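# Chain and residue survey
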Amino acid sequence: MTLNIIKWGAIGGLIMSILATLGYAIFPLDNPTTFQLAALTGYIGMFLGLAMIWPALSGAKAQLGHAPALLPAIGIGLGVALVAGVIFGLFNVLYSQVFMPEFLDNYYAQELAHTGLTEGPEYDQKAEQLNATRDFLKQPLNGFFAMASAVWALGIVYALILPFVYRWAKGK
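First, a word on what this report is: a plain description of the structure on this page.

Calculation rules
- Residues numbered from 1 in each chain as written.
- Predicted model: local features only at pLDDT ≥ 70, side-chain atom pairs only at ≥ 80, totals over all residues.
- Heavy atoms only, no water.
- 1 Å grid on protein atoms, 1.4 Å probe; cavity = no way out; pocket = protein on both sides within 12 Å on 5 of 7 lines; lining within 4 Å.
- Points joined across faces, edges and corners; volume = space filled by probe spheres on them.
- Helix = DSSP H or I, 4+ residues; strand = E, 2+ residues; numbered from the N terminus.
- Nonpolar A, V, L, I, M, F, W, Y, C, P; charged D, E, K, R; others polar.
- Phe/Tyr/Trp six-rings, centres within 6.5 Å; stacked < 30°, edge-to-face > 60°.
- Buried < 20%, exposed > 50% of the residue type's maximum accessible area, 1.4 Å probe, protein only.
- Contact = heavy atoms within 4.5 Å.
- Patch = residues over 30% accessible without salt bridge, like charges linked within 9 Å, V, L, I, M, F, W, Y side chains within 5 Å.
- Areas by Shrake-Rupley, 256 points an atom, 1.4 Å probe, with all protein chains shown as cover.
- Salt bridge = Lys/Arg side-chain N within 4 Å of Asp/Glu carboxyl O.
- Polar contact = N/O pair within 3.5 Å; in protein donor to acceptor, adjacent residues only side chain to side chain.

What follows is about the layout of surface pockets. When its volume is computed, the largest pocket comes out at roughly 440 Å³. As for the largest pocket, its lining consists of 20 residues, of which Tyr24, Tyr43, Asn92, Tyr107 and Met147 are closest to the centre. When residues of the lining of the largest pocket are traced back to their parent elements, those giving at least two are helix H1 (2-26), helix H2 (32-50), helix H4 (70-99), helix H5 (103-114) and helix H7 (140-169). Counting residues per element, the lining of the largest pocket draws most heavily on H2, at five residues. Its residues assigned to classes, the lining of the largest pocket comprises 17 nonpolar, three polar and no charged.

Per the counting criterion, the structure on display carries six aromatic pairs. Pairing Phe88 with Phe91 gives two aromatic rings, centres 5.7 Å apart and planes at 25°, and the pair type is stacked. Taken together, the residues Phe88 and Phe91, both in helix H4 and three residues apart, mark about one turn of the helix. Residues Phe88 and Phe91 agree in their burial class; the two are buried. By way of ring pairs, the aromatic residues Tyr24, Phe88, Phe91 and Tyr95 are connected into one cluster.

Among the structural elements, Ser96 can be located in helix H4. What Ser96 contacts, discounting residues up to four positions off in sequence, is Pro101, Phe103 and Leu104.

A word on the side chain of Thr41. Locating Thr41 in the fold gives a position in helix H2. With a relative accessible area of 16%, Thr41 lands in the buried category. If near-sequence neighbours (up to four positions away) are discounted, Thr41 is found in contact with Leu19, Gly23 and Phe27.

Together, Leu78, Ile156, Val157, Leu160, Ile161, Phe164, Val165 and Trp168 give the surface a local cluster of nonpolar side chains, amounting to about 790 Å² of exposed area. Of all the elements, H7 adds the most residues to the nonpolar patch, at seven residues. Here Phe164 shows up in helix H7.

Now for the environment of Ala153. Considering the arrangement of structural elements, one finds Ala153 in helix H7. Of the residues examined, Ala153 reaches a relative accessible area of 45% and is grouped as partly exposed. Put simply, Ala153 and Tyr95 are 58 residues apart on the chain and 21 Å apart in space, counted from C-alpha to C-alpha.

This part takes up the side chain of Asn4. Along the chain, the position of Asn4 falls in helix H1. In terms of polar contacts, Asn4 uses its side chain to reach the backbone carbonyl oxygen of Ala56, at 2.7 Å. Setting aside chain neighbours within four positions, we find Asn4 in contact with Pro55, Ala56, Gly59, Ala60 and Gln63.

Tracing the sequence through the fold places Asn31 in the loop between H1 and H2. Owing to a relative accessible area of 28%, Asn31 belongs among the partly exposed residues under this scheme. Each C-alpha atom, one on Asn31 and one on Ala113, is 8.7 Å from the other, the two residues being 82 residues apart in sequence.

Written as structure tokens, this is what we have:
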């Protein structure tokens, strides 16, 4: 069962990482439209990556000869989300620290531009806030936990819902 969780969690994490990379390669962060499309591609990757809980549940069913009981099925979902989150967190650190060190600067510059503010105290306050967030995420451990936690938070929802849907779709 553990290998099933690791396998599908790793596939989910790779899906997230590949789609995030493709999103930023295809839709550069140099204008608001492509910035939003790149972010959307990353979110789609998270949703598709966590959908790997479904084949993990199928793998468990194949191993057991029947669908896993509800609590073990939720545990499988949480395990897949944990593995996927770790992989995506590691990817984020590699991407933003090694492959594209200017990524966070570009990302937060677009975030600031997206606010619609151009000057004044509100602009200065928002710029200070975004710069603090950027500086926080530039620390590798912080960047890892921020991205992994985003996956884990969404993964909890998936892990709680998909076992019910799976059992309903497969007729227990």
